[in-house]
Each structure stands twice: as structure tokens, then as C-alpha cells.
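Overview (structure and organization)
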Amino acid sequence: WYQRRVRVINEHLTSKTYDPDQAPTWCKNITEAVKERVKQLGMERYKLAVNVVIGEQRGQGIKVGCRCFWDSDTDNYAQYFYMGETMFCLATAFGVFFY
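Summary of the structure given here. A quick note: this is a predicted structure, and the numbers were derived from the prediction, not measured. (Residues numbered from 1 in each chain as written. Predicted model: local features only at pLDDT ≥ 70, side-chain atom pairs only at ≥ 80, totals over all residues. Heavy atoms only, no water.)

Considerations on the sheet that holds strand 1 (residues 46–56)
If you walk across this open sheet you meet the three strands as 1-3-2, and the pairing is antiparallel. Edge positions in the sheet fall to strand 1 and strand 2 (76–83), since each has one partner strand and no second. Pairwise comparison of adjacent strand axes, ignoring direction, gives a mean angle of 10° for this sheet. Against the sheet, helix 2 (residues 23–39) contacts strand 1 and strand 3 (87–97), and its axis sits at roughly 150° relative to strand 1. (Pairing = 2+ DSSP bridges. Helix = DSSP H or I, 4+ residues; strand = E, 2+ residues; numbered from the N terminus. Axes fitted to C-alpha atoms, helices over the stretch in contact; angles between N-to-C directions. Contact = heavy atoms within 4.5 Å.)

Section: the packing of aromatic side chains
By the definition in use, this model includes six aromatic pairs. Between the aromatic rings of tyrosine 77 and phenylalanine 94, the centroid separation amounts to 6.1 Å while the plane-to-plane angle is 35°, which identifies the pairing as tilted. Within this pair, whereas tyrosine 77 is found in strand 2, its partner phenylalanine 94 is found in strand 3, the two being separated by 17 residues in sequence. Here the aromatic rings of phenylalanine 97 and tyrosine 99 are separated by 4.9 Å at their centres, their planes lie at 75°, and the arrangement is edge-to-face. Owing to a relative accessible area of 61%, tyrosine 99 belongs among the exposed residues under this scheme. Joined through ring pairs, the aromatic side chains of Tyr46, Phe97 and Tyr99 make up one cluster. (Phe/Tyr/Trp six-rings, centres within 6.5 Å; stacked < 30°, edge-to-face > 60°. Buried < 20%, exposed > 50% of the residue type's maximum accessible area, 1.4 Å probe, protein only.)

Brief notes about the nonpolar core
One finds Ile9, Leu13, Ile30, Val52, Ile54 and Cys89 to be the most contacted residues of the largest nonpolar core, which totals 21 residues. Only helix 1 (2–13), helix 2, strand 1, strand 2 and strand 3 provide two or more residues apiece to this core. Looking at this core element by element, the count peaks at seven residues for helix 2. Excluding anything up to four places from it in sequence, valine 52 contacts Cys27, Ile30, Thr31, Cys89, Leu90 and Ala91. (Core = buried A, V, L, I, M, F, W, Y, C linked by side-chain atoms within 4.5 Å.)

Quick look at the structure:
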């Protein structure tokens, strides 16, 4: 799963320069691509939620938080942080077991 995330984000962002008008479209495209790649892992019993944040890189720090109500025995998340010269991207995928 880690390699899939890295590939998806690198394919979408490596050659791009930050553009605030294009960032929402990039977020949507990355979100859909991550969901499709995770579905290929055959996790039919899991509900997937993917969150992607893209921002301009100016040397600032960033903190992103979330809260989830879930079953710690079956549910989990994975994330990947991309840092380019002009932008950063944080992609988080949540897998919640569907009982």
C-alpha cells in the first residue's frame, strides 16, 4: 500500500508548480486515484475515506489533525506526506471495517 500511495502522488505532482486555482482539482484527482489503487488490494469489507490536502510550500510548518470513532481492532489509516519545491501534499486513507 505504501508504494501505491507514493506512486499516485508522485505521478500527479512531481512535474507541477503550485497553483491555487488547480490545487482543488489535483486533490480530487489524487483522492480518486488513491481510492482506486486501494480497492485493487481486495478489501471489499472496508469503507474507504481518503483526504488530500495540498498547500503552497514557503518553508512554514503544518499541523493536520483528525478524530475518528472506530474499532481499533479492525479499522486503521495510512498517510503519505509529499514535499516538493513549491508545494506540499498530505494524503490520508482511512479503512473502516463494514460489519
